Amino acid sequence: MDVTIRESTVAGTAQAPPSKSYTHRAILAAGYADGATVRSPLVSADTKATMRAVSAYGGAVDRSDESAIVVDGFDGRPETPDNVIDCANSGTTMRLVTATAALQDELTVLTGDDSLRSRPQGPLLDAIGQLGGRAESTRSNGQAPLVVGGGVDGGTVAIPGDVSSQYITALLMAGAVTDTGIDVELTTELKSSPYVDITLEVLSDFGVTAERTDDGYAVAGGQTYDPDGGAYDVPGDFSSMSYLLAMGALAAEDGLTVTSAFPSAQGDSAIVDILDRMGATLEWDREDGEIAVERSSLSGVEVGVEDTPDLLPTIATLGAAADGVTRITDAEHVRYKETDRVSAMAEELTKMGAEVEEKQDELVVYGEETDLHGATVDGRADHRIIMSLAVAGLVADGETTVTGAEHVDVSFPNFFDVLADLGATVER
């Protein structure tokens, strides 16, 4: 699907979608439990992949209530799936449920689409091997398809922290139901550490204790997943919220209010501080979970995305519309997402008239030399690239057509409906 956005203003109130990161973890935690209800979840292409995995391991997922998912869990003892687990395009699903596969004695096969089969899984496979499990890439390249099993019962692993924090999340979630628990020793500095903070928060809400250690993280074995009252409430998603806040700062003459913006462990809540540093007029009512933002004159800043990789596309768009230079640093790991997001934003913003310099670990946007104009841009089958380019289209002269726009289903399925409801000119 192609979507065309004309230069437009926006105004009104928009609700942030539920957090994808929290939803993934809550669904799998409910699977590890005897069962639980996940309230206000994000139901998207990615989270459906995690639901399918829970079912494949012997659980059951009931989505008959539109406002909640009822999970009948496998109570810490996953069955061997009858078939291959297809994780589609969801890297979070594959990594989290690969550790689940290591708990059962037989073998599980996990795969995904072309993009997912190009993403690195080697460090997690190696960690499972250190625990005595079997974990192999069928092509011997550290990428899916994967074959995993062996009935691990805990132990100590050494793993790099600069490839994906999802490896640590996977090990901690699985480790809680092993006999002896898992100690994770990091051999390099941890990137995206707020995502592990999210994991610790969700585990705590499900009655599981895990903690930071001097060397990394640890989770005791023999624990039971059991949320208070048998239910868990998913908070709003700051990664998705970043596009709403960005369009408010760039195009909301009469103001835009974003709801469901309650404080949490999400690292991407940093977008509020970034916009403030750039000069945006905004106010965050944390108690009521509302952020009011209006069109502002923005100035470039330097931002490190070591812990907030999903914000790079949003920051790049803001930089293209700001005065001065926006320098996005600590960005090499952002190249290993659904697509190489550093190159994708450099190339697509350039098509729209932006002056951009791409380095291995940085993206530099020269806003003072940029006059954005409409163009046909490639969404790269990546939800975050698509939404960021759509926001850029609001302030580009003429029409901007984003190809492959259906992939917003991964995290923000009704994004273009929300954009149109706020007053933007959107054609599909």
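Just above, that's the structure.
Remember, predicted model here, so these are calculated numbers, not experimental data.

Student: Sorry if this is basic, but what is going on with the overall build of the protein chain here?
Tutor: A count of helices and strands for the protein chain gives twelve helices and 24 strands. Seen along its three principal axes, the alpha-carbon backbone of the protein chain occupies a region of about 60 × 40 × 40 Å. Here the protein chain holds 428 residues, and 58% of them are scored as buried. Within the protein chain, contacts between residues at least 6 apart in sequence are counted, and of these 74% link residues at least 24 apart. Accessible area for the protein chain stands at about 15,200 Å²; split by element, carbon and sulfur atoms hold 39% of it. Treating the 27 positive side-chain charges of the protein chain as one cloud and the 73 negative ones as another, the clouds have centres 4 Å apart.

Student: How do you make sense of unusual backbone geometry when you look at a structure like this?
Tutor: The bulk of non-glycine residues show a negative phi, and the bulk of peptide bonds are trans. Cis geometry is found at the peptide bond from Ala144 to Pro145, where omega equals 5 degrees. On the secondary structure map, Pro145 appears in the loop between strand 8 (134–137) and strand 9 (146–149). In this model, Ala88 sits at a positive phi of 55 degrees, which is unusual for a non-glycine residue. With respect to the helices, strands and loops of the structure, Ala88 is situated in the loop between strand 6 (85–86) and helix 3 (91–101). Positive phi values are uncommon outside glycine, yet Arg380 reaches one of about 60 degrees. With respect to the element layout, Arg380 can be found in the loop between strand 22 (376–378) and helix 11 (383–394). The exposure class of Arg380 is partly exposed, given its relative accessible area of 22%.

Student: Explain the sheet that holds strand 11 (residues 182–186) here, please?
Tutor: Two strands in a sheet stick together by hydrogen bonds in their backbones, pointing the same way (parallel) or opposite ways (antiparallel). Here four strands make up an open sheet; going across it, the order is 10-11-13-12 and the pairing mixed. The open sheet is flanked by strand 10 (155–159) and strand 12 (210–212), the only strands paired with a single partner. Here the strands of the sheet are splayed against their neighbours by 15 degrees on average, with no regard to which way each runs. Where strand 12 and strand 13 (residues 216–219) come together, three bridges link them in antiparallel fashion. Bridge pairing links Arg212 to Tyr217 in strand 13.

Student: Please clarify how a negative patch on the surface should be interpreted in this entry.
Tutor: Taken together, the side chains of Asp183, Glu185, Glu211, Asp214 and Asp215 make up a negatively charged region of the molecular surface. Mapping Asp215 onto the fold places it in the loop between strand 12 and strand 13.

Student: Quick question: what am I supposed to make of the nonpolar core here?
Tutor: Where a protein is soluble and globular, its nonpolar side chains tend to be buried together. Of all hydrophobic cores here, the largest spans 74 residues; its most connected members are Leu245, Met247, Leu312, Phe415, Phe416 and Leu419. Take this core: its biggest share by element is ten residues, from helix 7 (residues 238–251). Not counting residues within four places of it along the chain, the set of residues in contact with Met247 comprises Val10, Ala252, Leu256, Val391, Leu394, Phe415, Leu419 and Leu422. If you look at the next biggest cluster of nonpolar residues, it comprises 65 residues, including Leu124, Ile198, Leu203 and Val208.

Student: Can you walk me through the pairing of strand 1 (residues 3–6) in this structure?
Tutor: For a regular strand, side chains alternate in direction, first toward one face of the sheet and then toward the other. Where strand 1 meets strand 23 (residues 399–403), four bridges bridge the pair, whose relative direction is antiparallel. Its bridge partner being in strand 23, Arg6 is matched across the sheet by Glu399. Taken together, the two bridges between strand 1 and strand 24 (residues 426–427) define a ladder with antiparallel strand orientation. Bridge pairing in strand 24 links Thr4 to Glu427.

Student: Honestly, the pattern of salt bridges in this entry has me stumped. Any pointers?
Tutor: As a working rule, side chains carrying opposite charge can pair if their charged atoms are close by. This model, assessed by the stated rule, comprises 24 salt bridges. Close ionic contact of Asp114 with Arg117 constitutes a salt bridge, the shortest N to O distance being 2.4 Å. The exposed category is assigned to Asp114, whose relative accessible area is 59%. Here Arg117 falls in the partly exposed class, since its relative accessible area comes to 26%. Through salt bridges with shared partners, a single network forms among Asp310, Lys337, Glu338, Arg341, Asp382 and Arg384.

Student: Looking at this structure, I do not really get the packing of aromatic side chains. What am I missing?
Tutor: Aromatic ring pairs are reported here in terms of the distance separating the ring centres and the angle at which the planes meet. Using the criterion set out here, one finds nine aromatic pairs in the structure. Note on Tyr32 and Phe74: the rings are 5.5 Å apart at their centroids and 75 degrees apart in plane angle, and the pair reads as edge-to-face. One end of the pair, Tyr32, is in helix 1 (residues 20–32); the other, Phe74, is in the loop between strand 5 (68–72) and strand 6, and 42 residues separate them in sequence. Residue classification places Phe74 among the buried positions, given a relative accessible area of 6%.

Student: Is there a simple way to think about the side chain of His24 in this case?
Tutor: One can find His24 in helix 1. Aside from chain neighbours lying at most four places away, what touches His24 is Asp46, Thr47, Thr50, Ser90, Thr92 and Thr93.

The rules behind each value
Numbering of residues begins from 1 in every chain and follows the order in which that chain's sequence is written. Thresholds applied to this predicted model are a pLDDT of at least 70 for local features of residues and 80 or more for the giving and counting of side-chain atom pairs; totals over whole chains, interfaces and linings are not thresholded and use all residues. Hydrogen atoms and water are omitted, and side-chain values are computed over all heavy atoms in the structure. Secondary structure is summarised from DSSP: a helix means a run of H or I of at least four residues, a strand means a run of E of at least two, and numbering begins at the N terminus for each. Remark: exposure states derive from per-residue accessible area (1.4 Å probe, protein chains only) relative to the maximum for the residue type, with buried under 20%, exposed over 50%, and partly exposed in between. Every residue pair with non-hydrogen atoms within 4.5 Å of one another is taken to be in contact. The Shrake-Rupley method, run with a 1.4 Å probe sphere, supplies the accessible areas, and residue values consider only the shown protein chains as cover. Under the counting rule used here, the positive set is Lys and Arg, the negative set is Asp and Glu, and His together with the chain ends is not counted. For the purpose of locating charges, the reference atoms are NZ of Lys, CZ of Arg, CG of Asp and CD of Glu. When DSSP locates at least two bridges between a pair of strands, those strands are taken to pair. A fitted line through C-alpha atoms serves as each axis, taken over the contacting stretch for helices, and the angle formed by two N-to-C directions is quoted from 0 to 180°. Patch membership requires over 30% relative accessible area and the absence of a salt bridge. Like charges are linked within 9 Å, and nonpolar side chains (Val, Leu, Ile, Met, Phe, Trp, Tyr) within 5 Å. A side-chain nitrogen of Lys or Arg and a carboxyl oxygen of Asp or Glu constitute a salt bridge if their distance falls within 4 Å. For our purposes a nonpolar core is just a set of buried Ala, Val, Leu, Ile, Met, Phe, Trp, Tyr and Cys residues, chained together by side-chain atoms within 4.5 Å. Stacked, edge-to-face and tilted labels apply to pairs of Phe, Tyr and Trp rings (six-membered ring for Trp) whose centres lie within 6.5 Å, assigned for plane angles under 30 degrees, over 60, and everything in between, in that order.

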